[in-house]
Amino acid sequence: MDTPITDTIFARIVRGEIPAQIVYETDSVLAFHDIAPQAPVHVVVIPKTPVRDLVEASPDAEMLGQLLAACAEVARITGIGASGFRVVVNTGQDGGQTVGYLHAHVLGGRALSWPPG
Ligand code: AMP
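First things first, this report covers the structure right here in the doc. (Residues numbered from 1 in each chain as written. Predicted model: local features only at pLDDT ≥ 70, side-chain atom pairs only at ≥ 80, totals over all residues. Heavy atoms only, no water.)

Counting buried positions along strand E5 (residues 104–108) gives five out of five residues, so the element sits mostly inside the fold. A two-sided burial pattern is seen for E5, the buried positions comprising Ala 104, Val 106 and Gly 108 on one face and His 105 and Leu 107 on the other. Here strand E3 (residues 41–47) runs beside E5; their pairing, made up of five bridges, is antiparallel. Within E5, the residue paired with His 42 across the bridge is Leu 107. In this sheet, E5 lies alongside strand E4 (residues 85–88) in antiparallel orientation, the contact comprising four bridges. Note on E5: the bridge partner recorded for Phe 85 is Gly 108. (Buried < 20%, exposed > 50% of the residue type's maximum accessible area, 1.4 Å probe, protein only. Helix = DSSP H or I, 4+ residues; strand = E, 2+ residues; numbered from the N terminus. Pairing = 2+ DSSP bridges.)

Pasting the structure below:
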């Protein structure tokens, strides 16, 4: 989490320096398969403009709306839209955020338990 945001894995994926299995892309967001999937479908959705986390991004409601809409589009594309899915934005240390670049997880393809650990 101390990594400068432009050096994070997700910033490097946006710049094309690290390969990713891209699922969906717009001018403002990029979605790709998680490298360590926690469900049959596990896609990471990020804004193309670097921002640290949900708190830092909160003034940009337009981008956050695009990010959330992209999550729904990813669910549709991957075929989990009808059966149901979960969108998770881990934030900060207690939230379990390990990459210091805002990202939403789209998880589905199996029944997901609640509450999370
Ligand atoms: P979080 O714990 O919410 O910060 O989630 C970070 C996620 O990024 C984890 O689910 C990792 O598996 C995922 N991840 C890390 N490196 C890559 C990568 N190169 N490509 C795709 N996903 C990655």
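Examined against the element boundaries, Arg 52 turns out to sit in the loop between E3 and helix H2 (54–57). Along the primary structure Arg 52 and Gln 38 are separated by 14 residues, whereas in three dimensions their C-alpha atoms are 23 Å apart. With residues up to four places along the chain from it excluded, the contact list for Arg 52 reads Met 1, Thr 3, Pro 4, Ile 5, Thr 8, Gln 97, Gly 100, Tyr 101 and Leu 102. Only 2.9 Å separates the side chain of Arg 52 from the backbone oxygen of Gly 100, close enough to count as a polar contact. (Contact = heavy atoms within 4.5 Å. Polar contact = N/O pair within 3.5 Å; in protein donor to acceptor, adjacent residues only side chain to side chain.)

Moving on: the side chain of Thr 8. Following the sequence through the fold, Thr 8 ends up in the segment before helix H1 (9–14). Take Thr 8: its relative accessible area is 4%, and that puts it in the buried class. Aside from chain neighbours lying at most four places away, what touches Thr 8 is Thr 3, Arg 52, Val 99, Gly 100 and Tyr 101.

So, on to the site of the ligand. In the vicinity of the ligand there are 15 residues, among which Asp 34, Asn 90, Thr 98, His 103 and His 105 approach most closely. Ile 35 has a polar backbone atom sitting 3.2 Å from a nitrogen atom of the ligand. Between the ligand and His 103 there is a distance of 2.8 Å, counted from an oxygen atom to a side-chain nitrogen or oxygen. Burial of the ligand by the surrounding chains reaches 84%, relative to a free accessible area of 500 Å². Secondary-structure elements contributing two or more residues to the shell around the ligand are H1 and strand E2 (29–33). Top contributing element to the shell around the ligand by residue count: H1, with three residues. When the residues that make up the shell around the ligand are grouped by side-chain class, the tally is seven nonpolar, seven polar and one charged. (Near = heavy atom within 4 Å. Areas by Shrake-Rupley, 256 points an atom, 1.4 Å probe, with all protein chains shown as cover. Nonpolar A, V, L, I, M, F, W, Y, C, P; charged D, E, K, R; others polar.)

So, on to the side chain of His 105. By the secondary structure assignment, His 105 is in strand E5. Here His 42 takes part through its side chain, which lies 2.8 Å from a polar atom of the side chain of His 105. Those residues within four positions of His 105 in sequence are excluded, and the remaining contacts are Asp 34, His 42, Val 43, Arg 86, Val 87, Val 88 and Asn 90.

All we've got here are geometric facts, nothing functional implied.
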